[in-house]
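What follows is each chain in one-letter form.
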2 protein chains.
Amino acid sequence: MSIGESLQNVIGGFPEARGVALVGMDGILVEEQKTVGELDLQTLGAEFSGLVKSAEAAVESVNPGPSGELVMVSENATFIVKRVTPEYFLLLVSQPDGNMGKGRFLLKRAGERLKSEL
Amino acid sequence: MSIGESLQNVIGGFPEARGVALVGMDGILVEEQKTVGELDLQTLGAEFSGLVKSAEAAVESVNPGPSGELVMVSENATFIVKRVTPEYFLLLVSQPDGNMGKGRFLLKRAGERLKSEL
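About the thresholds
Residues numbered from 1 in each chain as written. Chains lettered and ligands numbered in written order. Predicted model: local features only at pLDDT ≥ 70, side-chain atom pairs only at ≥ 80, totals over all residues. Heavy atoms only, no water. Helix = DSSP H or I, 4+ residues; strand = E, 2+ residues; numbered from the N terminus. Rg over C-alpha atoms; globule rule 2.2 N^0.38 Å. Buried < 20%, exposed > 50% of the residue type's maximum accessible area, 1.4 Å probe, protein only. Areas by Shrake-Rupley, 256 points an atom, 1.4 Å probe, with all protein chains shown as cover. Lys, Arg positive; Asp, Glu negative; His and termini not counted. Charge placed at Lys NZ, Arg CZ, Asp CG, Glu CD. Salt bridge = Lys/Arg side-chain N within 4 Å of Asp/Glu carboxyl O. Arc of directions from axis to C-beta. Pairing = 2+ DSSP bridges. Axes fitted to C-alpha atoms, helices over the stretch in contact; angles between N-to-C directions. Parallel < 35°, antiparallel > 145°, perpendicular 65-115°, else oblique. Contact = heavy atoms within 4.5 Å. Core = buried A, V, L, I, M, F, W, Y, C linked by side-chain atoms within 4.5 Å.

(A) Fine view of the overall build of chain A. A count of helical and extended segments in chain A gives three helices and five strands. Secondary structure elements of chain A, listed N to C terminal, follow the sequence α-β-β-α-β-β-β-α. By the compact-globule yardstick of 13 Å for 118 residues, chain A fits well, its C-alpha radius of gyration being 13 Å. Seen along its three principal axes, the alpha-carbon backbone of chain A occupies a region of about 40 × 35 × 25 Å. Out of the 118 residues belonging to chain A, those deemed buried represent 53%. When the accessible area of chain A is evaluated, it comes to approximately 5,000 Å², of which 49% is carbon and sulfur surface. Averaging the coordinates of the 11 positive side-chain charges in chain A and doing the same for the 16 negative ones gives two points 7 Å apart.

Structure (structure tokens):
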């Protein structure tokens, strides 16, 4: 399954999704799938790559161990970040009323598939 | 209800909780309740105050609107951050297999109670 198909599977199974992207830890977007045209996943990916590093540093100091997920709920959107490899992560943006459990599940599954391709 | 009682309610309703704290956005811990003695909520609170600011800045650029929650799942623990006021947030640390939905619910309820006291 191609990267694009794996991303499309996430969007297809999650009606509240606005977009999903595979992003490098350097902030560079590898591939994206969107349902909302104006969603700027490029900028979000760059912002979240920095955030993931900060988050890992924050917990590393007192609670060592690999981190897996970061979820941010704002009034206008929900952001779910899932680490795929040390170099790449998935970013899913959905409506704020989206089913977070479903989004996490789909992102985890896509991550497991993509891991072998990266 | 005092701050300590509100925090105790979170811990009491959530068996997987390790500790919960009310923290200022300056990183200073106001009050804490713990079930695991060695949990360093002071250091975590300071780390997460910086993280909350970074996270808000990250989404603000493309998706303006107040942010409410930040969840981080690592292999060894789950961290849930809930903004209470512009100056304060709640930080809940639980076992990684904890019921995240229950944790979010209890934290939200405690936040609503505390809002009037701060």
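After presenting the structure, the write-up continues.
(B) Structural context of the pattern of salt bridges. Residues and elements named next belong to chain B. All told, the structure shown has four salt bridges over all chains when counted by the stated rule. A salt bridge links glutamate 69 to arginine 104; the shortest N-O distance between them is 2.8 Å. Highlighted residues: glutamate 69 in strand S3 (residues 67-74) and arginine 104 in helix H3 (residues 100-115), separated in sequence by 35 residues. Arginine 104 sits in the partly exposed class, given a relative accessible area of 23%.

(C) Examining helix H1 (residues 3-12) of chain A more closely. Within H1(A), burial applies to A:Ile3, A:Gly4, A:Ser6, A:Leu7, A:Val10 and A:Ile11. Viewed along the axis of H1(A), the buried residues span an arc of 165°, placing them on a single side of the element.

(D) Molecular detail of the pairing of strand S4 (residues 78-83) of chain A. Residues and elements named next belong to chain A. Burial analysis of S4 places six of its six residues in the buried class, the great majority of the element. Of the two faces of S4, the one carrying Thr78, Ile80 and Lys82 and the one carrying Phe79, Val81 and Arg83 are both buried. Taken together, the six bridges between S4 and strand S5 (residues 88-94) define a ladder with antiparallel strand orientation. Considered in S5, the bridge of lysine 82 is made with leucine 90.

(E) The packing of helix H2 (residues 41-60) of chain A against helix H2 (residues 41-60) of chain B, seen in detail. At their nearest, the axes of H2(A) and H2(B) sit 10 Å apart, and the two run at 175° to each other. Taken together, the axes of H2(A) and H2(B) lie roughly antiparallel to each other. Side by side, H2(A) and H2(B) meet where A:Leu44, A:Glu47, A:Phe48, A:Leu51, A:Ser54, A:Ala55, A:Ala57, A:Ala58 and A:Val59 of the first sit next to B:Leu44, B:Glu47, B:Phe48, B:Leu51, B:Ser54, B:Ala55, B:Ala57, B:Ala58 and B:Val59 of the second.

(F) Structural view of the environment of B:Ile80. Residue and element names in this part refer to chain B. With respect to the element layout, isoleucine 80 can be found in strand S4 (residues 78-83). The exposure class assigned to isoleucine 80 is buried, which follows from its relative accessible area of 1%. When the C-alpha atoms of isoleucine 80 and leucine 39 are compared, they prove to be 15 Å apart, with 41 residues separating the residues in sequence. Residues within four places of isoleucine 80 in sequence aside, it is in contact with Glu69, Leu70, Val71, Leu90, Leu91, Leu92, Met100, Gly103, Arg104 and Leu107.

(G) View of the nonpolar core. Counting 42 residues, the largest nonpolar core has A:Phe48, A:Phe79, A:Leu91, B:Phe48, B:Phe79 and B:Leu91 as the members making the most contacts within it. Listed in part, the 38 residues of the second largest apolar core include A:Val10, A:Ala17, B:Phe14 and B:Met100.

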